[in-house]
Amino acid sequence: MPSATFIDHAGQSRTVEGPEGENLMRVAVLNDVPGIDADCGGECACATCHVFVDEAWLDKCGEPSELETSMLSFAATAQPNSRLACQIILTSALDGIVVETPAAQH
């Protein structure tokens, strides 16, 4: 199974595994990763699974959709490497991806 490392705003990291084809938000929720609220359940209808993708992985994630970009406008701390974890599908190409969670999702 591919792995993903979540680093919280204090610098503490947690590496978890998830099935290929699952979105990163769901993998975080299933593994009790703090900092991912997932209020909409992965429907790209909020920004509470906002993450900062490590620069080394950004190109491998692909471009955000227009809807995702719109939702990210609600994230208080959005940056150029911001993505919604619900829109990143875990694949073997993303095995080892590193993302950072913001201090707050609201």
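Residues numbered from 1 in each chain as written. Predicted model: local features only at pLDDT ≥ 70, side-chain atom pairs only at ≥ 80, totals over all residues. Heavy atoms only, no water.

Going by the annotation in an unreviewed UniProt entry, the name recorded for the chain is 2Fe-2S iron-sulfur cluster-binding protein, with Camelimonas fluminis given as the source organism. Looking at the Cofactor (unreviewed entry) heading of the UniProt record, one finds this comment for the chain: "[2Fe-2S] cluster". Recorded in UniProt under Sequence similarities (unreviewed entry), the annotation for the chain is "Belongs to the adrenodoxin/putidaredoxin family." (UniProt positions renumbered as here; feature names shortened; annotations may be inferred.)

Draft legend 1. Up close: the overall build of the chain. Across its full length, the chain carries three helices and five strands. Its helices and strands in sequence order give the chain the pattern β-β-α-β-α-α-β-β, from N to C terminus. Over its C-alpha atoms the chain spans a radius of gyration of 12 Å, differing by no more than 12% from the 13 Å that the globule rule assigns to 106 residues. With respect to the principal axes defined by its C-alpha atoms, the chain has extents near 30 × 30 × 25 Å. Sorting the 106 residues of the chain into buried and exposed places 43% on the buried side. Look at the contacts in the chain between residues 6 or more apart in sequence, and 64% of them connect residues 24 or more apart. (Helix = DSSP H or I, 4+ residues; strand = E, 2+ residues; numbered from the N terminus. Rg over C-alpha atoms; globule rule 2.2 N^0.38 Å. Buried < 20%, exposed > 50% of the residue type's maximum accessible area, 1.4 Å probe, protein only. Contact = heavy atoms within 4.5 Å.)

Draft legend 2. Structural detail: the environment of Leu 58. Topologically, Leu 58 is positioned in helix 2 (residues 55-58). For the pair Leu 58 and Leu 94, spaced 36 residues apart in sequence, the C-alpha separation works out to 10.0 Å. Residues contacting Leu 58, with those up to four places away along its chain left out, are Val 53, Pro 80 and Asn 81.

Draft legend 3. Structural view of a negative patch on the surface. Together, Asp 54, Glu 55, Asp 59, Glu 63 and Glu 100 make up a negatively charged patch on the protein surface. Of note, Glu 55 is situated in helix 2. (Patch = residues over 30% accessible without salt bridge, like charges linked within 9 Å, V, L, I, M, F, W, Y side chains within 5 Å. Areas by Shrake-Rupley, 256 points an atom, 1.4 Å probe, with all protein chains shown as cover. Salt bridge = Lys/Arg side-chain N within 4 Å of Asp/Glu carboxyl O. Lys, Arg positive; Asp, Glu negative; His and termini not counted. Charge placed at Lys NZ, Arg CZ, Asp CG, Glu CD.)

Draft legend 4. Region of interest: unusual backbone geometry. Phi at Asp 32 is positive, roughly 55°, even though this residue is not glycine. One can find Asp 32 in the loop between helix 1 (24-30) and strand 3 (50-53). Using a relative accessible area of 61% as the deciding quantity, one classes Asp 32 as exposed. If you check the backbone angles, Cys 44 has positive phi at about 55° while not being a glycine. Tracing the backbone through its elements, the reader meets Cys 44 in the loop between helix 1 and strand 3. The class for Cys 44 is buried, based on a relative accessible area of 5%.

Draft legend 5. Highlighting the nonpolar core. Grouped together as the largest cluster of nonpolar side chains are 28 residues, with contacts concentrated most on Phe 6, Leu 24, Ile 36, Val 53, Leu 84, Ile 88 and Ile 97. Those elements giving two or more residues to this core turn out to be strand 1 (3-7), helix 1, strand 3, helix 3 (66-72) and strand 5 (97-100). Looking at which element gives the most residues to this core, the answer is helix 1, with four residues. The residues touching Val 53, leaving out its near neighbours within four places in the chain, are Leu 58, Cys 61, Asn 81, Arg 83, Ile 88, Ile 97, Val 98 and Val 99. (Core = buried A, V, L, I, M, F, W, Y, C linked by side-chain atoms within 4.5 Å.)

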